[in-house]
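As a plain string of letters, each chain reads:
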Amino acid sequence: MRVLPKSAKVLTILSLGFLSTQVLAQNFCSTTGHSGTGRTVSGSYVTGSVGNYDFQLWYDHAQSGSATFYNEGSMSCSFQGAGDYLCRMGLQFNSDKTYDQLGGDIMAEFKLVKQNISGVGYSYVGVYGWMEGVSGAPNGLVEYYVVDNTLAQYMPGDWVGDTKKGDYTIDGAVYTVYRNTRFGPAIGGNNDREFHQYFSVRKSARDCGTINVSAHIKKWKELGMADGKLYEAKVLGEAGCTGNGCGVSGTADFPVARVYIGNGSTPTSSSSVNNPASSSAVVNPVEVTNIPGTVELENFATSGGDEVTVYGNIVGEIKPGAWLEYPISVTSAGVYTVNLLAARQDDQNRTTTVDISVDGKSVASITGILTTGWNDYDSFTAETTNLTAGSHTLRVTFTGGYVNVDNLKFTKKTTASSSSAKQSSSSANQSSSSVKQSSSSAKLSSSSALVQSSSSAQVESSASVESSSSALEISSATAESSSSSEVSSSAMEISSSAIGESSSSVGQWYSSATMAMAKTRFSVDGDRNLQVFDMQGRFLGRVTVAQGVSMEQALRARFQKPGIYLVKQGGRFMQVRVTR
């Protein structure tokens, strides 16, 4: 069980009144493939949205796990050697309405195709969600399951609940209902809490069908199980095992996995579902990026041409012809330098090209993209034509071979007149600057000595960095607490002219920076902007540290290698040693 942040995305579907219920029967069960554009993700905990649907992938102790979510409402979930694995796709609510305040019944359609399933001890296939403000439930929380199928040999039984509430019939099928009290991860907070679980388990499994979630909630109420305000409703595929060293493997393919709000209790068929998103593009709600600024390429609003894969903060496995679009706002008109942070490996040293356009007009082309490895990111630069101020649509098109990308940074070019004015001002203050520089050098020397003395007593390791003016020993405390949201360290404060994502070496960072020792608090939990470099200053990627996970654990999971990493947040950094 893993939870998602709230959003207000609800897809309302109106049945076509002139169609009979026979015509509206579950004709989507003949669906054999995926017709929309997919978004492939991998990683132990990934959330996002595609088209009108929110999705989540989570697994524990797996050799590998991935899922592809399609904008027409389908998904394909693959796992290898996992202790527990789940994928789900559907609707997020605001927890401000009960099931009977949504303007119609909550309907879920699914079709399951099992492929090479092995090692499964328990499994739930059906609908999953949460309710808040539930009377009589611990902390007012209920986690609910409607189980119509399983990837295991047997359907879930009495072991899912501490109280058996009874049986009821919906659409000719008998469901057994259980209630359970659990203490563990829950919505609405970072700490484990107590809550109720509702399980409705179908006596006869089915591979395809429509689940009227609202009808199940009504039945729960008849059995004395209170309802609350809806947080989510998603089609779920989950599988796990309980023995030491066990692992589940296989693919749970869902050619249909969609949730919507109907106008009544009669199930609507796939033929009456209105998906506003085009089958040729994935549409995601994202924030507008101001230019000058940095476009995080994983946060695309629309994609098309071909599939791409999102690995946390990296977009990878990009096929030639794929494109991504972003809403931008140019706050200052002019010519910009654009830097693409990318990685591409090719045995024959073949480069690739990325084209940049704004509102359908080509503004730049970044060529010669090639690095020493798929995880060795470097900055590739081009110059744009004149960009006009205002709101625009930025498109990034991948016209060459495969490439991994991180972000696209726009920096406005300085005009000649502006440069001359700055140079004149700089000359006028040169004498004063020289005096300050002399003073700063003295302080820097003193600070360097302090760092070296303090580091030898407090930290496990250090990294030496040399510049033309001095040799500085930079170190930070690597002691971490897995339950703390902050790491206390002696860190270096770096001026705005210092660390940049596209820096090619640590020496470059510090030779141009003004540094001073400061006792700081380095916040790490939940920060998506923690940048990671190796000890040569090469950018490796980004890491997200979840609640209860140490920085060392997060780095080990992200990069799968022991060693010493430099982790940067804003103008501060810390050094972390990762062991096996």
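So, here is what we can say about the structure in this document. Quick caveat, the model's predicted, so the values are computed rather than measured. (Residues numbered from 1 in each chain as written. Predicted model: local features only at pLDDT ≥ 70, side-chain atom pairs only at ≥ 80, totals over all residues. Heavy atoms only, no water.)

**Some points on the sheet that holds strand E3 (residues 53-60)**
Argument step 1. As summarised here, the arrangement of the 9 strands in space is E2-E3-E6-E14-E8-E9-E12-E11-E10, forming an open sheet in which the pairing is mixed. Strands at the two margins of the open sheet, each flanked by one partner only, are strand E2 (45-50) and strand E10 (163-170). Within this sheet the neighbouring strands show an average axis-to-axis angle of 20 degrees, counted without direction.
Argument step 2. Inspection of the sheet shows E3 paired to strand E6 (residues 84-92) by 7 bridges, in the antiparallel sense. Pairing of Leu57 across the sheet is with Cys87, part of E6.
Argument step 3. Of the strands in this sheet, strand E8 (122-132), strand E9 (142-149), E10, strand E11 (173-184), strand E12 (193-202) and strand E14 (229-240) are in contact with helix H1 (residues 213-222), which crosses E10 at around 130 degrees. (Pairing = 2+ DSSP bridges. Helix = DSSP H or I, 4+ residues; strand = E, 2+ residues; numbered from the N terminus. Axes fitted to C-alpha atoms, helices over the stretch in contact; angles between N-to-C directions. Contact = heavy atoms within 4.5 Å.)

**Focus: the nonpolar core**
When a protein is soluble and globular, its nonpolar side chains tend to lie buried together.
Argument step 1. With 92 residues, the main nonpolar core has Tyr144, Trp220, Leu394 and Leu408 as its most contacted residues.
Argument step 2. In terms of residue count, the dominant contributor to this core is strand E15 (residues 248-261) (6 residues).
Argument step 3. Other than its neighbours up to four places away in sequence, Leu408 contacts Gly293, Thr294, Val295, Leu297, Val338, Asn339, Leu340, Ile356, Ile366, Leu394 and Val396.
Argument step 4. Ranked by size, the runner-up nonpolar core spans 19 residues in total, among them Tyr122, Val160, Phe199 and Tyr231. (Core = buried A, V, L, I, M, F, W, Y, C linked by side-chain atoms within 4.5 Å. Buried < 20%, exposed > 50% of the residue type's maximum accessible area, 1.4 Å probe, protein only.)

**What to know about the side chain of Ser74**
Argument step 1. Examined against the element boundaries, Ser74 turns out to sit in strand E5 (residues 74-82).
Argument step 2. One polar contact links Ser74 to His34, side chain to side chain, over a distance of 2.7 Å. (Polar contact = N/O pair within 3.5 Å; in protein donor to acceptor, adjacent residues only side chain to side chain.)

**So, the packing of aromatic side chains**
Argument step 1. Applying the stated criterion across every chain yields a total of 14 aromatic pairs.
Argument step 2. Between Tyr59 and Tyr85, the ring centres sit 6.5 Å apart and the planes meet at 10 degrees, which makes this aromatic pair stacked. With Tyr59 in strand E3 and Tyr85 in strand E6, the pair connects residues that are 26 residues apart, well separated along the chain. Considered together, Tyr59 and Tyr85 belong to a single accessibility category, that of buried residues.
Argument step 3. The interplanar angle of 75 degrees and the centroid separation of 6.4 Å between the aromatic rings of Tyr336 and Phe410 together place this pair among those described as edge-to-face. Of this pair, Tyr336 sits in strand E23 (residues 336-343) while Phe410 sits in strand E28 (residues 404-412), placing them 74 residues apart in sequence. (Phe/Tyr/Trp six-rings, centres within 6.5 Å; stacked < 30°, edge-to-face > 60°.)

**Quick notes on the pattern of salt bridges**
Argument step 1. What the rule picks out here adds up to 11 salt bridges.
Argument step 2. Linking Arg206 and Asp148 is a salt bridge whose minimum nitrogen-to-oxygen distance equals 2.6 Å. One end of the pair, Arg206, is in the loop between E12 and strand E13 (208-212); the other, Asp148, is in strand E9, and 58 residues separate them in sequence. For the pair formed by Arg206 and Asp148, the shared burial category is buried.
Argument step 3. Of the charged contacts in the structure, one is a salt bridge between Lys234 and Glu232, with a shortest N-O distance of 2.5 Å. An identical accessibility class is assigned to Lys234 and Glu232; each is buried.
Argument step 4. It is possible to trace a salt-bridge network through shared partners that takes in Asp148, Arg202 and Arg206. (Salt bridge = Lys/Arg side-chain N within 4 Å of Asp/Glu carboxyl O.)

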